[in-house]
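# Structure assessment
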Amino acid sequence: MESGIAQGTSQRIIMHLDMDSFYASVEMQERPELRGKPVVNGADPNQGKGRGVVATCSYEARGFGIRSAMPISQAFVLCPHAVFLSPDFPRYLKASADIMAILKAHGFPLQQVSIDEAFLDVSRLGTFPAATDLAVRIKETILAHLGLTCSVGLAPTKVVAKIASDVHKPDGLTVVEPENLFSFLAPMPVRKIPGIGKKAEADLFEMDIRTIRDLAAFDIQVLIARFGRSAIALQDLAGGIDKNEVKERDGVKSVSREMTFTDDTGDEYLIAATIDALAEEVCRNLSDESLHYRTITVKVRYQGFVTMTKARTLPHYTGDSETVRTCAHALLRDIFDGRKIRLLGIRLSSFDTCDARQMTLGV
Ligand code: TTP
Ligand code: CA
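Reading the values: rules and limits
- Residues numbered from 1 in each chain as written.
- Chains lettered and ligands numbered in written order.
- Predicted model: local features only at pLDDT ≥ 70, side-chain atom pairs only at ≥ 80, totals over all residues.
- Heavy atoms only, no water.
- Near = heavy atom within 4 Å.
- Polar contact = N/O pair within 3.5 Å; in protein donor to acceptor, adjacent residues only side chain to side chain.
- Areas by Shrake-Rupley, 256 points an atom, 1.4 Å probe, with all protein chains shown as cover.
- Axes fitted to C-alpha atoms, helices over the stretch in contact; angles between N-to-C directions.
- Helix = DSSP H or I, 4+ residues; strand = E, 2+ residues; numbered from the N terminus.
- Parallel < 35°, antiparallel > 145°, perpendicular 65-115°, else oblique.
- Left-handed = near helix turned anticlockwise from the far one by under 90°.
- Contact = heavy atoms within 4.5 Å.
- Nonpolar A, V, L, I, M, F, W, Y, C, P; charged D, E, K, R; others polar.
- Core = buried A, V, L, I, M, F, W, Y, C linked by side-chain atoms within 4.5 Å.
- Buried < 20%, exposed > 50% of the residue type's maximum accessible area, 1.4 Å probe, protein only.

Let us look at the site of ligand 1. The environment of ligand 1 is made up of 15 residues, and the closest members are Asp18, Ser21, Thr56, Tyr59 and Arg62. A distance of 3.4 Å is found between a nitrogen atom of ligand 1 and a backbone nitrogen or oxygen belonging to Ala55. A distance of 2.4 Å separates an oxygen atom of ligand 1 from a polar atom in the side chain of Thr56. Here ligand 1 loses 75% of its free accessible area of 550 Å² to cover by the protein chains.

In structure tokens, the structure reads:
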């Protein structure tokens, strides 16, 4: 029995909250003169000769056709008079932590899924109107405290809540009650289903499957022959079936922060700055019990998804970010082999949960 389910009903109510143009909005909040302007956050455009990509951009910049992950040189061509800013990760990590604290304060199971995105299982509220009221209050609180807007989806499943939060961006609130679930999903392009990327979309197009309705109605045996057994889960999602629960983090035994780079990077300055920011962030709001955290683990995921971690246990851990920072840099030096890095993470944990000499390789 799931803890979040309202008594006497099996109806789940999942909230997905996603901040609007997150990095750009944090910048615009702190520099009001940028509001209303096209703001592009990412690599240096260098008058159109810059390498690297756009991390994100304001909605005004999107009006010029600029998008995340687009080459910065292309963004410059589309809107040369945009304000181009390089990312300031520590600020975004701080805003992220503040947002998650606001969400957590409501006491519902919370799963943070990225720097600016989280699920809440609010089934306990019992009805969608009550959940909608909460969503409005959360949006107001985030706006009042941080000056940032977000978009929220409410639905009976995680996947649909996530799709819903994206429908009326920015500053949206989209509610999909169970009786509207299939009519909401059916006309959407298959690409809206998380996990369906460009490649899978192209494969589905070849089979003349374009909408979620097409996918839901397609012969499952043919889908399995093409995509393997994962086709079953895929077709379930298309039919609105998704039993995934909101998984709370294990906040007692460890605390961790990770950052995925926009572009896999070998830039040692950026890597070092990210370690600094992660160390700072992972030490924020540590409670007394976290003083048991003596093991520091650094995780590096290289291009190609090979992941390495290395941990060190300190004799007397005090929880200060300087200690974590220094130790994390040393650990990184041990495992960094010059390949481009996709993701960096730092984890603090108790002695019991981690072998001090641990070194793992995984994919
Ligand atoms: P997203 O939530 O995907 O995008 P966003 O918040 O900027 O805009 P939206 O209103 O559409 O939600 O990503 C969150 C942050 O993650 C984003 O502000 C910057 C960063 N990011 C990158 O660095 N590179 C990327 O390719 C993407 C998609 C995001
Ligand atoms: Ca976002």
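Next up on the list: the packing of helix 10 (residues 220–227) against helix 11 (residues 230–238). Taken N-terminus to C-terminus, the directions of helix 10 and helix 11 make an angle of 130°; their axes are 8 Å apart at the nearest point. One finds that helix 10 runs oblique with respect to helix 11. The handedness of the crossing between helix 10 and helix 11 is right-handed. Contacts from Ile220, Leu223, Ile224 and Phe227 of helix 10 reach helix 11 at Ser230, Ala231, Ile232 and Gln235. Split by residue class, the contact of helix 10 with helix 11 holds six nonpolar, two polar and no charged.

By size, the foremost hydrophobic cluster in this structure holds 60 residues, and its most contacted members are Phe22, Ile99 and Ile142. Residues contacting Ile142, with those up to four places away along its chain left out, are Leu17, Met19, Ile99, Ile102, Gly147, Leu148 and Cys150. By size, the runner-up hydrophobic cluster in this structure holds 28 residues, among which are Phe119, Ile163, Ile196 and Leu234.

Structural measurements only, silent on function.
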